[in-house]
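Structural description and commentary
Now for the letters of each chain:
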Amino acid sequence: MQLSDLIKTYDNVIPKDVRDSLIKKFHIVSPTREFDEHTYKFKEVFIQNHLDIFKQEFEFAFNAFAACVERYKKELKINYFPQKHGYEMFRLKRYEKGDGHFRPHVDVYDVGSMKRFFTFFCYMNDGGGTRFTDLDITVESKPGRLLLFPPMWMFPHEAIVSDKEDKYLLHTYLHYV
């Protein structure tokens, strides 16, 4: 097995009506966090902090992501996937066209993040993609496409943001528990 085999995409995981609702509701609530630094620039909303607004979309995404994990395990014949795990906060991110960015990085980088073992990016629109810098792999964003990969040091990646439209991304991690 190659490292590239551990990077998987599944299309049409989140349907258009759910994606449209998530994007619309993103603009109703105040961002949980805003970043404007050299390494990254985006806004995000923690979905679980606003379940009164995002409950249906969260439940749909949670179930869809869980189904994709099962598919991933089966396709890759993974026998030792952690039995007990939990999700980190689901985040809906917005990278502004032509200005948003997340430069090359990894998602497990210290004691606080070491509980992460699986990354989920679900693209809400066509606003860019994700580039795995050391593996020379680029995943184009496609509405409803879910990208799954390990968050460790072997998978440095960066956001690709369109000059034409904002990029919206639903993002979470699986944790060891």
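Above this text is the structure in question.
Residues numbered from 1 in each chain as written. Predicted model: local features only at pLDDT ≥ 70, side-chain atom pairs only at ≥ 80, totals over all residues. Heavy atoms only, no water.

Next up on the list: the overall build of the chain. The helix and strand inventory of the chain stands at two helices and 12 strands. Moving toward the C terminus, one meets the helices and strands of the chain in the order β-α-β-β-α-β-β-β-β-β-β-β-β-β. Rg of the C-alpha trace for the chain: 15 Å, near the compact-globule value of 16 Å for 177 residues, within the 12% margin. Along the first, second and third principal axes, the C-alpha set of the chain runs to 40 × 35 × 30 Å. Counting the 177 residues in the chain, one finds 50% classified as buried. Contacts spanning at least 24 positions in sequence make up 77% of the contacts within the chain whose residues lie at least 6 apart. (Helix = DSSP H or I, 4+ residues; strand = E, 2+ residues; numbered from the N terminus. Rg over C-alpha atoms; globule rule 2.2 N^0.38 Å. Buried < 20%, exposed > 50% of the residue type's maximum accessible area, 1.4 Å probe, protein only. Contact = heavy atoms within 4.5 Å.)

Here we come to the environment of Tyr173. On the secondary structure map, Tyr173 appears in strand S12 (residues 167-176). Taking C-alpha positions, Tyr173 is 9.7 Å from Phe149, a pair spaced 24 residues apart along the chain. Residues contacting Tyr173, with those up to four places away along its chain left out, are Gly86, Tyr87, Glu88, Arg91, Asp107, Arg116, Phe118, Thr119, Phe120 and Pro151. Among the polar contacts made by the side chain of Tyr173, one reaches the side chain of Asp107 at a distance of 3.3 Å. (Polar contact = N/O pair within 3.5 Å; in protein donor to acceptor, adjacent residues only side chain to side chain.)

Along helix H2 (residues 51-75), the largest kink reaches about 40° and is centred on Glu57. Immediately downstream of H2, the backbone of Lys77 shows phi near 55°, a positive value. (Bend = angle between axes of the 7 residues up to and from the residue.)

If you look at the biggest cluster of nonpolar residues, it comprises 47 residues, and the most contacted ones within it are Phe65, Phe118 and Leu170. Those elements that place two or more of their residues in this core are helix H1 (16-26), strand S3 (40-46), H2, strand S5 (91-95), strand S7 (116-123), strand S10 (146-149), strand S11 (157-161) and S12. Per element, the largest residue contribution to this core is eight residues, and it comes from H2. In contact with Phe118, other than residues within four places in its own chain, are Val69, Tyr72, Phe81, Leu148, Phe149, Pro151, Thr172, Tyr173 and Leu174. (Core = buried A, V, L, I, M, F, W, Y, C linked by side-chain atoms within 4.5 Å.)

Moving on: unusual backbone geometry. Even without being a glycine, Asn12 presents a positive backbone phi close to 60°. With respect to the helices and strands, Asn12 occurs in the loop between strand S1 (8-10) and H1.

With that out of the way, let us pick up the sheet that holds strand S9 (residues 137-140). With respect to topology, three strands assemble into an open sheet ordered S9-S8-S11, the strand pairing being antiparallel. Where the open sheet ends on each side, the last strands, each with one partner, are S9 and S11. Sheet twist, expressed as the average angle between the axes of neighbouring strands with direction ignored, equals 20°. With five bridges connecting them, strand S8 (residues 128-132) and S11 associate as antiparallel partners. Pairing of Phe132 across the sheet is with His157, part of S11. (Pairing = 2+ DSSP bridges. Axes fitted to C-alpha atoms, helices over the stretch in contact; angles between N-to-C directions.)

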